[in-house]
Amino acid sequence: MNEWEITAAVLAFALIPCRSRGRVRAHVGDRLADLRPADGEITVSWRAVVAVILLVAGGLLELLAVLGLCVMRDVYDRLHYVGLAGFGALLIGASIVVRESFSLIGDKSLLVGAVLVFAGPVMVQTTVRSLLIRERGDWREGIGEAEEP
Amino acid sequence: VWWVGWILSGALYLLLIDTTDLPELIVGAGAASLAATAFLLAREQYLAAETVRAEWLNSLYRPFIKVPTDVAMVSWVALAQLVDRRRTRGAFRAVPFRCGDDEALEIGRRGLAESLGSFAPNTIIIGVDHERELLLGHQLRRTGGTEAIDVLGLG
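Reading the values: rules and limits
Residues numbered from 1 in each chain as written. Chains lettered and ligands numbered in written order. Predicted model: local features only at pLDDT ≥ 70, side-chain atom pairs only at ≥ 80, totals over all residues. Heavy atoms only, no water. pLDDT = per-residue confidence, 0-100. Contact = heavy atoms within 4.5 Å. Salt bridge = Lys/Arg side-chain N within 4 Å of Asp/Glu carboxyl O. Helix = DSSP H or I, 4+ residues; strand = E, 2+ residues; numbered from the N terminus. Buried < 20%, exposed > 50% of the residue type's maximum accessible area, 1.4 Å probe, protein only. Buried area = accessible area lost by both parts, 1.4 Å probe. Polar contact = N/O pair within 3.5 Å; in protein donor to acceptor, adjacent residues only side chain to side chain. Nonpolar A, V, L, I, M, F, W, Y, C, P; charged D, E, K, R; others polar. Pairing = 2+ DSSP bridges. Axes fitted to C-alpha atoms, helices over the stretch in contact; angles between N-to-C directions. Lys, Arg positive; Asp, Glu negative; His and termini not counted.

Undergrad: How would you summarise the confidence of the model for chain A if you had to cite specific residues and measurements?
TA: The predicted model of chain A averages 80 in pLDDT, with 70% of residues at 70 or higher. Counted against residues more than four places away or in other chains, residues 17–27 of chain A, with its pLDDT under 50, gives one contact.

In structure tokens:
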């Protein structure tokens, strides 16, 4: 059973309507019998479960980052979602490392995630400064007085 | 210093391309030379030098522990915007940030405050205004006091 099948099984469990407690037990009993792996199948390991959780979490963050970019109306608000996309990529990279261990592909995916997380804030900062200079002539212009510490 | 930069950037290149073919090695050596030269030039202009004090690094953990709450906050704001469409949600903020005379140290302090202050996604640090001695930033959801902008407490 690979991680896609585990994800599909989790979603299927969530979608099955529960009519009564008695019925649920009966269904679970039936389903357990059906879910027994065939001879020679590899059992699900904690590693596969953690990899699925990280993969789903990373994918969700990427979706939320895209959603944020689409629904925000102000350009400065939109730029915050670059950071969110970086963390999503890092989680996906971490899921590959959990699944593949510290192999070439695992190291590379983690490195790509780390580069996105650390380079994102720098790119965002320079973009915000450029936008402010374009809008106001000086990036310091129009930003208020200091708050009380 | 140039050779240290060349070896480190060459190692990073090899890690990324995963192959030791001769043409790739030649391109890698060229790219590493460019990177090492740029690092040396930056170092000569105090952009990358020994300008960071050890005590500044004591609060280095703060941007990292802010990440989970900021990720949740930014995600929530995206979902909230779906229901309640507002023209702007974020706000510019300015907090006090004293500026000293030692240029090399100031570059290091500003670099840390600007780069790590923007690490968690709810806050973007725009820069340090020397004249008014302010650290300027933008938050998607306005939270916290001055420590939310000056995350490392360097001001």
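There's more to say after this.
Undergrad: Any details on the pattern of salt bridges? Residues and values, ideally.
TA: Once their charged atoms are close, side chains differing in charge can pair, the charge on each being opposite to the other. Under the criterion given, the structure shown has seven salt bridges over all chains. Taking the shortest distance from any N to any O, the salt bridge between R129 of chain A and E114 of chain B comes out at 3.5 Å. A residue pair is termed interchain when its members come from two chains, as with R129 of chain A in helix α6 (residues 104–136) and E114 of chain B in helix α4 (residues 103–117). For D138 of chain A, the salt bridge identified is with R140 of chain A, shortest N-O distance 3.3 Å. Residue D138 of chain A is classed as partly exposed on the basis of its relative accessible area, which comes to 24%. Taking the relative accessible area as the measure of exposure, R140 of chain A reaches 25% and is therefore partly exposed.

Undergrad: An account of the interface of chain B and chain A is requested, with residue identities and associated values reported.
TA: Between chain B and chain A, the contact holds 47 residues from the first and 38 residues from the second. For the pair chain B and chain A, the summed buried area comes to about 3,700 Å², and 68% of that belongs to carbon and sulfur atoms. When the buried surface of chain B facing chain A is broken down by residue, F92, I124 and I126 of chain B rank first, second and third, together holding 16% of it. Where chain B meets chain A, there are one salt bridge. Between the two partners, chain B and chain A, sit 13 residue pairs in polar contact (both at pLDDT 80 or more). Broken down by secondary-structure element, the contributors of at least two residues to the side of chain B that touches chain A are α1 (2–17), α3 (62–83), β1 (91–96), α4, β2 (123–129) and β3 (134–139) of chain B. A per-class count over the side of chain B that touches chain A returns 25 nonpolar, twelve polar and ten charged.

Undergrad: Quick rundown of the sheet that holds β3 of chain B? Include the residues and the values.
TA: Either a parallel or an antiparallel arrangement is found when strands of a sheet pair, and the pairing is made through backbone hydrogen bonds. Residue and element names in this part refer to chain B. In space, the three strands of this open sheet follow the order β1-β3-β2, with antiparallel pairing throughout. If you trace the sheet from one side to the other, it starts and ends with β1 and β2, each paired once. Strand-to-strand twist of the sheet, defined as the mean angle between neighbouring strand axes without regard to direction, takes the value 25 degrees. Pairing of β1 with β3, which is carried by six bridges, proceeds in the antiparallel orientation. In the sheet register, R93 faces β3, and the bridge partner there is G137.

Undergrad: So what about the confidence of the model for chain B? Which residues, and what values?
TA: Residues and elements named next belong to chain B. Considering every residue of chain B, the mean pLDDT works out to 86; 96% of them sit at 70 or more. Confidence scores differ between elements of chain B, with α4 showing the lowest mean pLDDT of 82 and α3 the highest of 93. Interface scoring of the predicted complex returns ipTM 0.76; its pTM is 0.73.

Undergrad: Residue-level account of the side chain of D70 of chain B, with values.
TA: All names here are of chain B. Residue position: D70 is located in helix α3. Buried and unpaired, D70 has K66 as its nearest opposite-charge partner, separated by 4.1 Å. Non-local contacts of D70, meaning those with residues more than four positions away in its chain, are made with A120, P121, N122 and T123.

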